[in-house]
Amino acid sequence: MPSPPTLTRRSLLKNLGVAAAVVSGAALVRPADAADAPLLAADSPEARAVQYTEDARSAKAAAPGATCGSCALYQGAYGSAAGPCQLFPGKSVKASGWCSSWAAQM
Ligand code: SF4
């Protein structure tokens, strides 16, 4: 029967290094950084595919009060003018915007 693995100082330091790298990597994609992402161009193909507009008031299909800022997929801070959207990784959308994928917050 093999003996149980022993925790050596070397393996402990190695594992701590891996854990530190994972934690620092996670910090690199925190929402604050994502909020600095460039704005989605309303005339880009991906935006047009979901009828994205920067002003929800101009969207005839938008329900009253339905804006990016009130959408479940919006990841900007409360009250922010723009922020990340789960639908458009690496891009920000205007809080006043809207698209056909708008979803009510739970
Ligand atoms: Fe705005 Fe929501 Fe559409 Fe993203 S999914 S663009 S937050 S309405």
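Conventions adopted
- Residues numbered from 1 in each chain as written.
- Predicted model: local features only at pLDDT ≥ 70, side-chain atom pairs only at ≥ 80, totals over all residues.
- Heavy atoms only, no water.
- Helix = DSSP H or I, 4+ residues; strand = E, 2+ residues; numbered from the N terminus.
- Buried < 20%, exposed > 50% of the residue type's maximum accessible area, 1.4 Å probe, protein only.
- Contact = heavy atoms within 4.5 Å.
- Areas by Shrake-Rupley, 256 points an atom, 1.4 Å probe, with all protein chains shown as cover.

## Things to note about the overall build of the protein chain
Phase 1: What the protein chain contains, in helices and strands, is three helices and two strands.
Phase 2: N-terminal to C-terminal, the α/β element order of the protein chain is α-α-α-β-β.
Phase 3: For the protein chain, the proportion of its 106 residues judged to be buried stands at 24%.
Phase 4: For the protein chain, long-range pairs separated by at least 24 residues make up 61% of all intrachain contacts whose partners lie at least 6 apart in sequence.
Phase 5: As displayed, the protein chain offers around 7,500 Å² of accessible surface, 63% of which is attributable to carbon and sulfur atoms.

## So, unusual backbone geometry
Phase 1: Of note in the backbone geometry, Gln 51 takes a positive phi value of approximately 55° without being a glycine.
Phase 2: With respect to the helices and strands, Gln 51 occurs in the loop between α3 (45-49) and β1 (82-84).

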